[in-house]
Amino acid sequence: MKQIHLAAHFPGVNNTTVWADPDAGSQIEFDSFVHLARTAERGLFDFFFLAEGLRLREHRGRIYDLDVVGRPDTFTVLAALAGVTERIGLTGTINTTFNEPFEVARQFASLDHLSDGRAGWNIVTSSDAFTGANFRRGGFLDHADRYSRAEEFVTVARKFWDSWAPDAVLADVDNGIYVDPARIRTVEHSGPQFNVRGMATLPAGPQGRPVLLQAGDSDEGRAFGARHADAMFTLHGSLAAGQRYTADIKGRAAAAGRNPNEIKVFPAATFVLGDTVEAAAEKAEHIRRQQVSGPTAIAMLEQVWGRDLSAYDPDGPLPDIEPSGDTSITQGRVRHGDPVAVARRYRERAAAENLSIRELVIAVTSRQQFVGTAAQIADEMNRYVQADACDGFILVPHLTPHGLDDFVDQVVPLLQERGLYRTEYTGRTLRDHLW
Ligand SMILES: Cc1cc2nc3c(=O)[nH]c(=O)nc-3n(C[C@H](O)[C@H](O)[C@H](O)COP(=O)(O)O)c2cc1C
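Worth saying up front: this structure is predicted, and the values here are computed from it rather than measured.

Asks: Let's hear about the pairing of strand S4 (residues 89-95): which residues, and what values?
Replies: With 7 of its 7 residues buried, S4 lies for the most part within the structure. Across the two faces of S4 the burial is the same, with Gly89, Thr91, Thr93 and Asn95 and Leu90, Gly92 and Ile94 all buried. Bridge count between strand S2 (residues 47-50) and S4: 4 bridges; the pairing is parallel. Bridging from a neighbouring strand, phenylalanine 47 pairs with glycine 89 of S4. Handedness of the crossover joining S4 and strand S5 (residues 119-124) through helix H3 (residues 101-114): right-handed.

Here is the structure:
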């Protein structure tokens, strides 16, 4: 039997988190990060995961509803967490478009040292001009070039990580020699994106290089991940889609000369636990309605239609006008595809199932994959893993910071009883946990 891998997504930068719930806590205070990370560590998860938003999204000039309203710096948070956790991996999403390889390589090497080998990098390539306006060069990179820059970025970062020979630190105190410069290779790279001739300021961390994750679903994104990633983060959450995705990624890894087992697939997964099937279903329905309020449903349609739809009733039928094609109504958000085709699909589904605007949005943005008792959820997750739909899950709780408590208390022990999940951390580093 394959073992199940679990990771914990800190809520935010998504449409899942319900900040308005009376049980929702701060998304900025350190206590929230500590609670979620320690809960995941209590559950023996592979890693704690931070998504990244380099600019807060705006919808019609406002920061809207479920979107995160404050995002501390990833490295600062993970470094602080390294001090209050022992074994869990600490993975952060860092963009290759707006950063520099030297800085990122140095930050991850530092985190790997501070955490004793627990650093992970989720590589993303978002290049939109709205986000880029926060940086010196704005939206300088063509969307088509995002992965060629990422490729060069990782190549240079690896050169920095590999540049210190293992015996470069001599610590020959008697002779006043601590580091031997002859054992540190100069990093040289010349390409369309980077011209670097430099030196790493510290040796590689215990893992040599951080664990690399990749999120991005285009053909180039998958090819890039298959070449470089230790794990893929994906939204292909259903059984059939997960099987297709996993086969594709592992096939690409094998074609690139890698052992397909070396690359783990982690879909994002949400869950709703109840004492009975009925209680779980009722709770799931309640959460969905919290996640998609009437105004949220309208805002979501406005993203597709590119128009002010505030005059429409969320409990009424879909707009009968066509999308405008204007995509500027929402800034900083991943697009939904061709608006006219999406609108047609939505209308067809609403007509077939007799759905109001709000019901349609609830249906098309449905993210509750695992709903049931702890035993049912354990069974279902195992079914996915054994059927090669994935190797494990990055759990996305809808509440911070207590959203994982019940899962760790109720589902993890069942997975352990069935021999599907570790009963203690056997390795020291994040890479050890992934294997
Ligand atoms: C599951 C998943 C999670 C992602 N998380 C982030 C994120 O936290 N921050 C970000 O800037 N981009 C994120 N992205 C965007 C992608 O990483 C990528 O940069 C973008 O989709 C362009 O690549 P693509 O065309 O290959 O999809 C995510 C994408 C996926 C599929």
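There is more to say after this.
Asks: With reference to specific residues and values, describe the sheet that holds strand S12 (residues 264-269).
Replies: Spatial ordering of the closed barrel is given by S1-S2-S4-S5-S10-S11-S12-S16, a layout of 8 strands whose pairing is parallel. Strand-to-strand twist in this sheet, taken as the mean axis angle between neighbours without regard to direction, amounts to 30°. Across the sheet, helix H1 (residues 30-42) touches strand S1 (5-9) and S2, and the angle it forms with S2 is around 145°. Across the sheet, helix H6 (residues 219-228) is in contact with S5, strand S10 (211-215) and strand S11 (231-234); its angle to S10 comes to roughly 170°.

Asks: Outline H1, listing residues and values.
Replies: With 13 residues, H1 should reach 18 Å at 1.5 Å per residue; the first-to-last C-alpha distance of 18 Å fits that figure. Buried residues of H1: Ser32, Phe33, Val34, Leu36, Ala37, Thr39, Ala40 and Glu41, and no others. Elements in contact with the buried residues of H1: S1, S2, helix H2 (74-82) and helix H13 (405-417). Positive backbone phi, at 60°, marks leucine 44, one or two positions downstream of H1.

Asks: Mind laying out the site of the ligand, listing which residues take part and the relevant values?
Replies: Close to the ligand lie 16 residues, the nearest being Glu52, Arg146, Tyr147, Ala215 and Ser218. Threonine 125 is positioned such that a nitrogen or oxygen atom in its backbone is 2.8 Å from an oxygen atom of the ligand. Between the ligand and serine 218, the relevant distance is 2.5 Å, taken from an oxygen atom to a side-chain nitrogen or oxygen of the residue. The protein chains hide 80% of the 610 Å² of surface that the ligand would expose on its own. Secondary structure elements with two or more residues in the shell around the ligand: helix H5 (146-161) and S11. Taken together, the residues of the shell around the ligand break down into 6 nonpolar, 7 polar and 3 charged.

Asks: Tell me what's going on with the environment of alanine 109, and back it up with residues and numbers.
Replies: If you trace the backbone, alanine 109 turns up in helix H3. We classify alanine 109 as buried; its relative accessible area is 5%. Separated by 99 residues in sequence, alanine 109 and glycine 208 place their C-alpha atoms 8.3 Å apart. Discounting chain neighbours no more than four positions away, the residues touching alanine 109 are Trp161, Leu202, Pro203 and Gly205.

Asks: Outline the pattern of salt bridges, listing residues and values.
Replies: This structure, assessed with the given rule, holds 25 salt bridges. Across the salt bridge formed by glutamate 151 and arginine 227, the nearest N and O atoms sit 2.6 Å from each other. Taken together, the residues span a long stretch of sequence, with glutamate 151 in helix H5 and arginine 227 in helix H6 at a distance of 76 residues. According to the relative accessible area criterion, arginine 227 is partly exposed, its value standing at 41%. Here aspartate 391 ties to lysine 250 by a salt bridge, and the two come within 2.9 Å at their closest N and O atoms. In this pair, aspartate 391 is assigned in the loop between helix H12 (374-386) and strand S16 (392-395) and lysine 250 in helix H7 (residues 239-255), connecting sequence segments 141 residues apart.

Asks: Tell me about the domain arrangement of the chain, residues and numbers included.
Replies: On domain assignment, one finds that the chain holds domain 1 (5-274 + 368-434) and domain 2 (293-364). A C-alpha centroid distance of 32 Å is found between domain 1 and domain 2. Roughly 1000 Å² is buried in total at the junction of domain 1 and domain 2, and carbon and sulfur atoms are behind 43% of that figure. At the boundary of domain 1 and domain 2, one finds 2 salt bridges. Across the salt bridge formed by glutamate 302 and arginine 60, the nearest N and O atoms sit 2.9 Å from each other. Along the contact surface separating domain 1 from domain 2 lie 6 residue pairs in polar contact (both at pLDDT 80 or more).

Asks: I'd like a description of the UniProt feature "binding site: FMN" (unreviewed entry) in the chain, backed by residues and values.
Replies: Taken from the UniProt record, the annotation "binding site: FMN" (unreviewed entry) applies to Thr93, His143, Tyr147 and Ser218. Positionally, threonine 93 belongs in strand S4. According to the relative accessible area criterion, threonine 93 is buried, its value standing at 5%. When residues no more than four places from it in sequence are discounted, the contact partners of threonine 93 are Phe49, Leu50, Ala51, Glu52, Thr74, Asn122 and Val124. A distance of 2.7 Å separates a polar side-chain atom of threonine 93 from the backbone oxygen of leucine 50. In this fold, tyrosine 147 is placed in helix H5. Under the relative-accessibility criterion, tyrosine 147 is labelled buried at 8%. Those residues in contact with tyrosine 147 that sit more than four places away from it in its chain are Thr125, Gln214, Ala215, Gly216, Ser218, Glu220, Gly221 and Phe224.

Asks: Which residues make up the environment of arginine 418, and what are the values?
Replies: Looking at the element boundaries, arginine 418 is found in the loop between H13 and helix H14 (430-434). The partly exposed category is assigned to arginine 418, whose relative accessible area is 36%. Not counting the four nearest positions on each side in its chain, arginine 418 is found in contact with Ala375, Ala378 and Asp379.

Asks: Give me the lowdown on a nonpolar patch on the surface, citing residues and values where you can.
Replies: A surface patch of nonpolar side chains, amounting to about 260 Å² of accessible area, comprises Val169, Tyr178 and Val179. In this structure, tyrosine 178 sits in strand S7 (residues 177-179).

Rules used throughout
Residues numbered from 1 in each chain as written. Predicted model: local features only at pLDDT ≥ 70, side-chain atom pairs only at ≥ 80, totals over all residues. Heavy atoms only, no water. Buried < 20%, exposed > 50% of the residue type's maximum accessible area, 1.4 Å probe, protein only. Helix = DSSP H or I, 4+ residues; strand = E, 2+ residues; numbered from the N terminus. Pairing = 2+ DSSP bridges. Right-handed = clockwise from strand over helix to strand, strands pointing away. Axes fitted to C-alpha atoms, helices over the stretch in contact; angles between N-to-C directions. Contact = heavy atoms within 4.5 Å. Expected span 1.5 Å × (residues − 1). Near = heavy atom within 4 Å. Polar contact = N/O pair within 3.5 Å; in protein donor to acceptor, adjacent residues only side chain to side chain. Areas by Shrake-Rupley, 256 points an atom, 1.4 Å probe, with all protein chains shown as cover. Nonpolar A, V, L, I, M, F, W, Y, C, P; charged D, E, K, R; others polar. Salt bridge = Lys/Arg side-chain N within 4 Å of Asp/Glu carboxyl O. Domains from an automatic or database assignment. Buried area = accessible area lost by both parts, 1.4 Å probe. UniProt positions renumbered as here; feature names shortened; annotations may be inferred. Patch = residues over 30% accessible without salt bridge, like charges linked within 9 Å, V, L, I, M, F, W, Y side chains within 5 Å.

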